[in-house]
Amino acid sequence: MLVLFIAAKAQEASLITVKGQVVDQQGLPIIGASIVQKNVAGVGVSTNANGDFSLRVPGSATLTISYTGYKTVDYPLNNQQAVKITLEESTEQLDEIVIVGYGQQKKASVTGSVASIQSKELNTVKTPNVTNMLAGRLPGLRAVQRSGAPGDDGASVDIRGYGNMLVIVDGVQRDFAQINSNDIESISILKDAAAAVYGFKGANGVLLVTTKKGAESKPKIDYNGFAGIQKVTRYPKMMNAYEYASLYNEAILNVNPTATPAFTDEQLASYKNGGGTDWWNEMVRGTAPQMSHDVSVSGGNEKVSYFNSFGYLNQGGILRSGDWKFSRYNVRSNISMQVAKGFSVDLKLGGIFQDRNKPAEGDELFRQAQMAVPTFDVFANNNPDYWQAVGDKPNPVHTSYIDNAGYERRLRREFNSSVTLNWQLPWVEGLSAKAMLAYDYKNSEWKTWKKELSEYTYDAAADSYNEKVIRSLGSLESKMENYYMPTQQYSLNYNHTFGGKHDVGGMLLWEMYNDRKTSILGGRQYTIGLIDDIDYGDKVNQNTSGVSAETAHAGLVGRFNYAYAGKYLAELSFRYDGSYKFRSDNRWGFFPGLSLGWRISEENFFKESLPDFDNFKLRGSYAKVGDEGDFDAYQYLDGYNYSGGYVFGNQGLTLGLASRGMANPWLSWYESKIMNFGFETSYKNGLLTAEFDWFRRNRSGLPATRQGSLPTTFGQSMPQENLNSDINTGFELSLGHRGAVGEFKYNVSANFSTTRIKNDYVERTASTNQYDNWRNNSNDRYKDIRWGKKAIGQFTSYEDILNSPIQDNNGNKSLLPGDLKFEDVNHDGIIDDNDVQPIGHGSTPRMYYGLNIGAQFKGFDMTLFFQGAAGHDIYLSGDVLDPFIQQGLGNGFAFMMDRWHRADPTDPNSEWIPGTMPAARVSGFGDNRSNNTWSLHKADYLRLKTIEIGYTLPGKWLADKGIERLRVYLNCNNLLTFTNKDGLMQYIDPEADNSSLRYYPQMKTMNFGVNVSF
């Protein structure tokens, strides 16, 4: 014991305190660099905001210093107590590890079209949903946010317009939208043959999410949190009471100059002095709160490393009632264990709990706010015991409270787990075996409780309240859904370099997974709606339903990689996929892929001619990928479906059976043939970078039903067949620049992508004439074509109306100056459906672009991120283009006040004053709200998606407080939006596609946050 004590004291005496700084090649401090004692577990620190560190180690120790994007350095101390260590940047980050299908590769050796984003860049956008962090970030990825509703504000995301992409989280197919973004290490997208290893699931591209793991270091605690406010980006205002009443009178007189106006001069004067109700303002508050808190603990030694985190998010809604809201809890634990030499185990556990609450009326509230007439008050006779009946729809303030009208609540619980065994086989260098077992479970619960609902009008003469019953009975609908998904993967992997120049890699993997889903729904009406449980509902008019479904898939995956001297690159892959949907002899498909690359920058002639280019790579790929797509399962079988009901005797209604139609035993996969050619280059160690890709996807065998003529006596429907085909083509471009001027460091990157999809063959009935063929034959045509009438202006006078083609089927007698004037395409003197023509594109953009600017100066940092899209349109159609919604029953939008009108509405002979909108009529006018170029608006936009300004406190202020790093920041998202200033786009968010403007609007946010490391 004494000997051990003396030895321990001697070792302690040999320790020295090393103080140092880690800087880059410009001498600027590197924050967060890892410094550990080489080959000694648990001894290490990270640099502070000034790049400084202090560590107590033996004088003979060697320090290992590492930081992402820089070359790792081993630094022998030789008893030095003050050191300054310079890290060199990795050349264009060619040594950066890129996540690819079922593995990872160095960026320099990747031959496919792969784009990725790291955690730090991803989290500059502060939003609850990860999908909204990706817009404009990755070339080829398209993201459009249609709503700002709490918990339902995710963007629709795809890759190159291919359709629903496959999402893989830590090797398993999972949803990623509600993952805690602080748990994400990186996101990659596979856009070409690189996705072929995922078989039919990867036909539309693959998005790979990798969560964080621990590293060999002392325990590190990180806190990331922010709190902020949300505001509506754009939403058109409704008319106030005076505007509504005066325009209503004008609309009556426009049609019948001798009619009696609906509102008297006294009423108009009262409304002009502030009378009436602003229903939007009464229902919606100016700002809504949101907050996020995340704590993680990570670290490890040479045997075990860990990353554990807990996150909480709360997102309020814009209703004044506060009853539209969303909250989420995330937990994660990733543990890696070195069990024995060459044998390791990775355990990954994750959990998500989501709680969505909103009034039972939901999105209908925005329709109700449009319909509420502004001349009514919130309460009948201003008596808060009686909610005022406000028109054809319920009072929106009344129904915006859960206590009044009921609620819709959705709970979702999710558990994800996987265990991976890795074994480096000792008898063959470079050969390893891997097994992964995963099990995921999701539970979703919906509950919609609608209460009895009544509103009132006040009869002043009788001093009584007249009830208007909106819902005489309450109702409850409750649904429970469970989803189970086990996944198994077993693989052999090989990587070895022969002779210093021949890099050989290979993988053979077997994967199988099946998912099972069960759901049950019950509903009842309530005469006495006191308790919102199924048991307390009425025994009559109740309903129940339930369903279960199970799927099964399996696949054999192979990949072979070869590189010679780091300049000639090849990858060959295949997948042999099986699906439960098809007959046994059509169930399996073989889908190969090939990609080639040439790093010309590694050739001697290139190095001699262009020595400042450290990377220039050409690459190309081709793959054939199958897809089971939207095919219904088991179409190869004859049989019956439950359908309809039949009465047998006195037993009541009995569920019946009906033939499922003709079977198709030949139905099989449809195929995608994907081509990609591109290059990437880097100049002067990343001072300038560029990357370009051209791509084309040809799909054939898409599902369709043959449009043949069959006699009515045939008695069965035709089955789906592999008939249709389409073509998707586009290109992507990325540019980058980074540099430094003294202590000022900056980086700029931009990307642009465009894609368009064309029908190749579409099964259809034969055209009956040339016009029918031109109008309805979509073969060999682009898919995003809108049809409508071409507006060539607005009528300026009655003379103009009488001298124009007939467009109202009544000799133009119903037209007024200011009404839309359409092109007579066929010159027959009549405007009708024969004058419809192509007028625009779809609501999904064809072009996406992004610009990211970052800067750091001493402790300050700034990020500016612009994101935009172009090549799409927004239709405003239907009764929102009438002066008063729903043919006069509701209010109208304030932009209606800029309309054609008489100088004196009471004088039919007075001069017409031009405006933007047509002349007002109480019930509107059909042609003015039809699909036409006037109501179709170019929705090209540019957003200031993110601006963030942060400051990291100097390390010397924090050292004695146990804080390693502290950063505070101000962050704004969707702060500015630029669109066409003309027309109605100035009132509408460009990502909206609801032509009736009845949706929860998109949000812009302002947040204050802090990042702390201990």
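Structural data are supplied above this passage.
Criteria and thresholds
Residues numbered from 1 in each chain as written. Predicted model: local features only at pLDDT ≥ 70, side-chain atom pairs only at ≥ 80, totals over all residues. Heavy atoms only, no water. Patch = residues over 30% accessible without salt bridge, like charges linked within 9 Å, V, L, I, M, F, W, Y side chains within 5 Å. Areas by Shrake-Rupley, 256 points an atom, 1.4 Å probe, with all protein chains shown as cover. Salt bridge = Lys/Arg side-chain N within 4 Å of Asp/Glu carboxyl O. Helix = DSSP H or I, 4+ residues; strand = E, 2+ residues; numbered from the N terminus. Contact = heavy atoms within 4.5 Å. Buried < 20%, exposed > 50% of the residue type's maximum accessible area, 1.4 Å probe, protein only. Phe/Tyr/Trp six-rings, centres within 6.5 Å; stacked < 30°, edge-to-face > 60°. Lys NZ or Arg CZ within 6 Å of the ring centre and 35° of its normal.

What to know about a nonpolar patch on the surface
Okay, so step 1: Taken together, the side chains of Leu437, Tyr490, Trp510, Met512, Tyr576, Trp588 and Phe590 define a hydrophobic patch exposed on the protein surface, amounting to about 650 Å² of accessible area.
Okay, so step 2: Secondary-structure elements contributing two or more residues to the nonpolar patch are strand E27 (502-513) and strand E32 (588-599).
Okay, so step 3: By the secondary structure assignment, Tyr490 is in strand E26 (residues 474-498).

Examining the environment of Thr729
Okay, so step 1: Note that Thr729 resides in strand E38 (residues 720-741).
Okay, so step 2: Residues Thr729 and Leu28, spaced 701 residues apart in sequence, show a C-alpha to C-alpha distance of 45 Å.
Okay, so step 3: Excluding its chain neighbours within four sequence positions, the residues that come into contact with Thr729 are Trp694, Phe695, Arg696, Thr754, Thr755 and Arg756.

A short note on the environment of Leu653
Okay, so step 1: Within the element layout of this structure, Leu653 appears in strand E35 (residues 653-659).
Okay, so step 2: Of the residues examined, Leu653 reaches a relative accessible area of 68% and is grouped as exposed.
Okay, so step 3: Apart from the residues within four sequence positions on either side, Leu653 is in contact with Gly645, Tyr646 and Val647.

Considering helix H6 (residues 364-371)
Okay, so step 1: The element H6 is extensively covered by neighbouring structure, given that seven of its eight residues are classed as buried.
Okay, so step 2: By the burial criterion, the buried members of H6 are Leu365, Phe366, Arg367, Gln368, Ala369, Gln370 and Met371.
Okay, so step 3: Tucked inside the fold, the buried residues of H6 contact helix H5 (279-283), strand E21 (343-359), helix H7 (396-399) and helix H12 (885-888).

A word on the packing of aromatic side chains
Okay, so step 1: On inspection of all chains with the given rule, the structure shows 46 aromatic pairs.
Okay, so step 2: Both rings, one in Tyr102 and one in Tyr198, keep their centres 4.6 Å apart while their planes meet at 25°; by these two values the pair is stacked. Of the two residues, Tyr102 is situated in the loop between strand E8 (97-100) and strand E9 (103-106) and Tyr198 in the loop between strand E15 (184-190) and strand E16 (206-211); the sequence distance between them amounts to 96 residues. We note that Tyr102, like Tyr198, is buried.
Okay, so step 3: Pairing Tyr386 with Tyr456 gives two aromatic rings, centres 5.0 Å apart and planes at 90°, and the pair type is edge-to-face. Highlighted residues: Tyr386 in the loop between H6 and H7 and Tyr456 in strand E24 (residues 453-459), separated in sequence by 70 residues.
Okay, so step 4: Overall, the relative accessible area of 25% leaves Tyr386 in the partly exposed class.
Okay, so step 5: Residue classification places Tyr456 among the buried positions, given a relative accessible area of 18%.
Okay, so step 6: Following the ring pairs from residue to residue traces out a cluster consisting of Phe606, Phe613, Phe616, Phe679, Tyr683, Phe692, Phe731 and Phe752.
Okay, so step 7: Sitting above the plane of the Phe865 ring, Arg137 keeps its charged end 3.9 Å from the centroid.

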